[in-house]
Structures are given as structure tokens and as C-alpha cells.
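Breakdown of the fold
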Amino acid sequence: MQPPAKPRPSYRSLVLLGLAVAILLVWGFWYRDVGLDRNGRTLSAKNECANLVLALNAYFDDYGHLPDIPMPPGGLPSDPLLMNILLGLGPEGLLQNPKQILYYQGSKARGATGQEYGGLLRTNTTSELFDPWPKPNPDQQRHYLILWDIDGDNQIIDPFTGQTLHTPVLTWSTGKDGQQDLTNPHAKVNKDNIYSWK
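Residues numbered from 1 in each chain as written. Predicted model: local features only at pLDDT ≥ 70, side-chain atom pairs only at ≥ 80, totals over all residues. Heavy atoms only, no water.

A closer look at the sheet that holds strand E1 (residues 76-77)
Where we set the bar: Strand pairing is defined by DSSP finding a minimum of two bridges between the two strands. We count a stretch as a helix when DSSP gives it H or I for four or more residues in a row; a strand needs E for two or more, and each element gets its number in order from the N terminus.
Pairing in this open sheet of four strands is antiparallel, and the strands run E1-E4-E7-E8 from one edge to the other. The open sheet terminates on both sides in strands that have one partner only, identified here as E1 and strand E8 (194-195). In the sheet, E1 pairs with strand E4 (residues 145-148) via two bridges, with the strands oriented antiparallel. Bridging from a neighbouring strand, Pro-77 pairs with Leu-145 of E4.

The following block contains the structure:
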């Protein structure tokens, strides 16, 4: 008597198994590149917003005032005008940070020249800080935006809602789309913004 033959998987079972493996691989790559990346960039932007607030508070503690820079209503970008002061670089940095205290440290920016993102671009004479999303369109905001209390009452008007906030510094990122709408806090372009105060 011969032993019973081992059952062989059917062709249909093998196809379904292969399809399931392919779906899991595609999902895994998507989650790694989009899901985790999106959450990682959001967390990175939130941390950088908090670090900018800490840097400006430390500057205030040392000098008794915040940098003397004209404050645009849509927020001051983290471009060389501000970052040179926080890093003590260039003429403006030496003028407003004569002790040359390094108030901000961060990871190095990535990306091609003119399309930097995700960190600090620094040379011996200048610096600027970019949020974590690559933005090839020149109309997209690539810097963090900052507002601070200019009259010393420790209050700022929320630029999106008009509410009074009891804090000396606000920072935010315009998110992946690089856009904001200060006239409508619920606008679609504001949904991906990252705020230090929320």
C-alpha cells in the first residue's frame, strides 16, 4: 500500500497568496514613504516651532527684549534677518546679538540650492531655517513664521482667529502646501499648518 499523496496547493491558492504579498509590500512602502514620513515631518515641524519659541525666550532673558525687527502681520519668516540674530552671524547678528550667543541649533537643511528644506542652512555669515517639506514652487512658504509681543504685555493676537493669546512668541509652519489664509482660520490651506500654540 502506498502512502497517501501530500495535498498540493492549488493554482488559485498560490495566486491569492502572491496577490496578498504584493498588496502588503505596496502598503508597506506607501506607509513608510507617506504615512510615517507625514507624521515624522509633522512632529519635526512641531519640535522646530517649540525650539524657535525657546530660542527667542532665551534671547529675551539675556537681552531684556526681543530682536528689533519690523513685524509683518503674516509673520516674520525664519530667513537670514531673524536667524542671523539668533546665531550671532553677519552685521545684523553682531549688532543685535553682540555676545554672539548661539540661541538656535538644528539639523542641517537638505535639498538642492534654492529648494532647501528640513533644517538650518548655515554659512559663516548667514543662516536660514526651513520647514520639513520640500516645496519646489517659489510661491510656497518654506520658512517657519514667527510673531512676538512687541509692546511688552505678554500677549499676542492669534493671526488666524483674532483671539488674544497669553504668550510672548508664536511660531508656525504652513505645512506641506506652503500656504496660509489669515482671513479664514478654517480655510483648506490652513488645515496642514503646524502651530506652536495649539
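Further notes follow.
A word on unusual backbone geometry
The condition is simple: Burial classification: accessible surface area is computed with a 1.4 Å probe over protein chains only, and a residue below 20% of its type maximum counts as buried, one above 50% as exposed, and the rest as partly exposed.
For Gln-100, which is not glycine, the phi dihedral falls at a positive 50°. Relative to the assigned elements, Gln-100 resides in the loop between helix H3 (90-96) and strand E2 (119-122). One non-glycine residue, Asn-154, lies in positive phi territory at about 60°. The residue Asn-154 is located in the loop between E4 and strand E5 (156-157) in this model. Overall, the relative accessible area of 39% leaves Asn-154 in the partly exposed class.

Some points on the side chain of Asn-193
We apply this condition: N or O atoms closer than or at 3.5 Å make up a polar contact, with two conditions inside protein: a donor-capable atom paired with an acceptor-capable one, and, for residues adjacent in sequence, both atoms drawn from side chains. Two residues qualify as a contact provided that any one of their heavy atoms is within 4.5 Å of a heavy atom in the partner residue.
As for its position among the elements, Asn-193 is in the loop between strand E7 (169-173) and E8. Look at Asn-193 and you get buried, because its relative accessible area is 7%. A distance of 3.2 Å separates the side chain of Asn-193 from the side chain of Tyr-195, its partner in a polar contact. Those residues in contact with Asn-193 that sit more than four places away from it in its chain are Phe-160, Ser-173, Thr-174, Gly-175, Gln-179 and Gln-180.

Description of helix H2 (residues 80-87)
Counting buried positions over the eight residues of H2 gives six, a clear majority of the element. Those residues of H2 that sit buried are Leu-82, Met-83, Asn-84, Ile-85, Leu-86 and Leu-87. Just downstream of H2 lies Gly-88, where phi reads positive at about 65°.

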